[in-house]
Amino acid sequence: MMQGFQGLLWVISLVLLAMAVFAFIDGAMRRTDAYPAAGKQTKPFWLIILGLTIAVNVYPIVFLQIAGLIATIVYIVDVRPALKQVTGGGPRWGGSSSSDGPYGPFNGR
């Protein structure tokens, strides 16, 4: 019974770590000026918080893991959508949308 509980805790810790890594990478890929434009804390603030959350999940301390989980959820649920709204979507790798052709937007005509 105890092994099953420890296995469950390990899976939960892994999921929390994956969420924190996702949020950190997403936050790192966003433009720096988008954070204040969305009315949120600065990019370095969020990267420090999410980086600390990753560190706490690697070396688990339950109280700090809960605080990190809250910070990660706030980023994913509140900050990320606000940044997407300000920047017009997700981070752009090539600067063009999926419907752009080699000479500009493809309108289907």
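Residues numbered from 1 in each chain as written. Predicted model: local features only at pLDDT ≥ 70, side-chain atom pairs only at ≥ 80, totals over all residues. Heavy atoms only, no water.

Naming follows an unreviewed UniProt entry, where the protein appears as DUF2516 family protein of Streptomyces marispadix.

Enquirer: So, the overall build of the protein: which residues are in play, and what are the values?
Expert: Scanning the protein from terminus to terminus reveals 4 helices and 2 strands. Written out in order from the N terminus, the α and β elements of the protein read α-α-α-α-β-β. Sorting the 109 residues of the protein into buried and exposed places 23% on the buried side. Sequence separation of at least 24 residues holds for 67% of the intrachain contacts in the protein that already meet a minimum separation of 6. Split by element, the accessible area of the protein, about 7600 Å² in all, is 69% carbon and sulfur. (Helix = DSSP H or I, 4+ residues; strand = E, 2+ residues; numbered from the N terminus. Buried < 20%, exposed > 50% of the residue type's maximum accessible area, 1.4 Å probe, protein only. Contact = heavy atoms within 4.5 Å. Areas by Shrake-Rupley, 256 points an atom, 1.4 Å probe, with all protein chains shown as cover.)

Enquirer: Can you tell me about the UniProt feature "transmembrane region" (unreviewed entry) in the protein, naming the residues and giving the values?
Expert: Residues annotated in UniProt with the feature "transmembrane region" (unreviewed entry) correspond here to residues 7-25 and 45-77. In residues 7-25, helix accounts for 100% and strand for 0%; the two terminal C-alpha atoms are 27 Å from one another. (UniProt positions renumbered as here; feature names shortened; annotations may be inferred.)

Enquirer: Can you lay out the packing of aromatic side chains for me, pointing to particular residues and giving the numbers?
Expert: The description of an aromatic ring pair rests on the distance of the ring centres and on the angle between the ring planes. For the structure shown, the criterion picks out 2 aromatic pairs. Look at F45 and W46: their rings are 5.6 Å apart centre to centre, the planes differ by 85°, and that puts the pair in the edge-to-face class. (Phe/Tyr/Trp six-rings, centres within 6.5 Å; stacked < 30°, edge-to-face > 60°.)

Enquirer: Any details on the packing of helix α1 (residues 2-29) against helix α3 (residues 43-58)? Residues and values, ideally.
Expert: α3 packs onto α1 with a crossing angle of 160° between their chain directions and a minimal axis gap of 9 Å. Judged by the inter-axis angle, α1 sits roughly antiparallel to α3. Viewed along their axes, α1 and α3 form a crossing whose handedness is left-handed. Between α1 and α3, the residues in contact are L16, L17, A20, V21, A23, F24, G27 and A28 and K43, L47, L50, G51, T53, I54, N57 and V58, respectively. Here the residues of the contact of α1 with α3 sort into 11 nonpolar, 4 polar and 1 charged. (Axes fitted to C-alpha atoms, helices over the stretch in contact; angles between N-to-C directions. Parallel < 35°, antiparallel > 145°, perpendicular 65-115°, else oblique. Left-handed = near helix turned anticlockwise from the far one by under 90°. Nonpolar A, V, L, I, M, F, W, Y, C, P; charged D, E, K, R; others polar.)

Enquirer: Give me the lowdown on the pattern of salt bridges, citing residues and values where you can.
Expert: Counted under the stated rule, the structure contains 4 salt bridges. Between R30 and D26 there is a salt bridge, with its nearest N and O atoms 2.9 Å apart. As far as burial versus exposure is concerned, R30 and D26 are alike and both buried. Among the ionic pairs, D78 bridges to K40, the shortest N-O distance being 2.9 Å. On the criterion of sequence distance, the pair formed by D78 in helix α4 (residues 62-87) and K40 in the loop between α2 (34-37) and α3 is long-range, its members being 38 residues apart. Since its relative accessible area comes to 37%, D78 is described here as partly exposed. Taken together, the shared-partner salt bridges in this structure form one network comprising D26, R30 and R80. (Salt bridge = Lys/Arg side-chain N within 4 Å of Asp/Glu carboxyl O.)

Enquirer: Tell me about the environment of A67, and name the residues and values.
Expert: Within the secondary structure, A67 is located in helix α4. Note: C-alpha distance between A67 and T53 (14 residues apart in sequence) is 8.1 Å.

Enquirer: I'd like a rundown of the layout of surface pockets, residues and numbers included.
Expert: Roughly 310 Å³ of internal volume is contained in the largest pocket. Lining the largest pocket are 15 residues, and of these L9, S13, L16, P60 and Q65 sit closest to its centre. Going through the elements one at a time, α1, α3 and α4 are the ones with two or more residues in the lining of the largest pocket. (1 Å grid on protein atoms, 1.4 Å probe; cavity = no way out; pocket = protein on both sides within 12 Å on 5 of 7 lines; lining within 4 Å. Points joined across faces, edges and corners; volume = space filled by probe spheres on them.)

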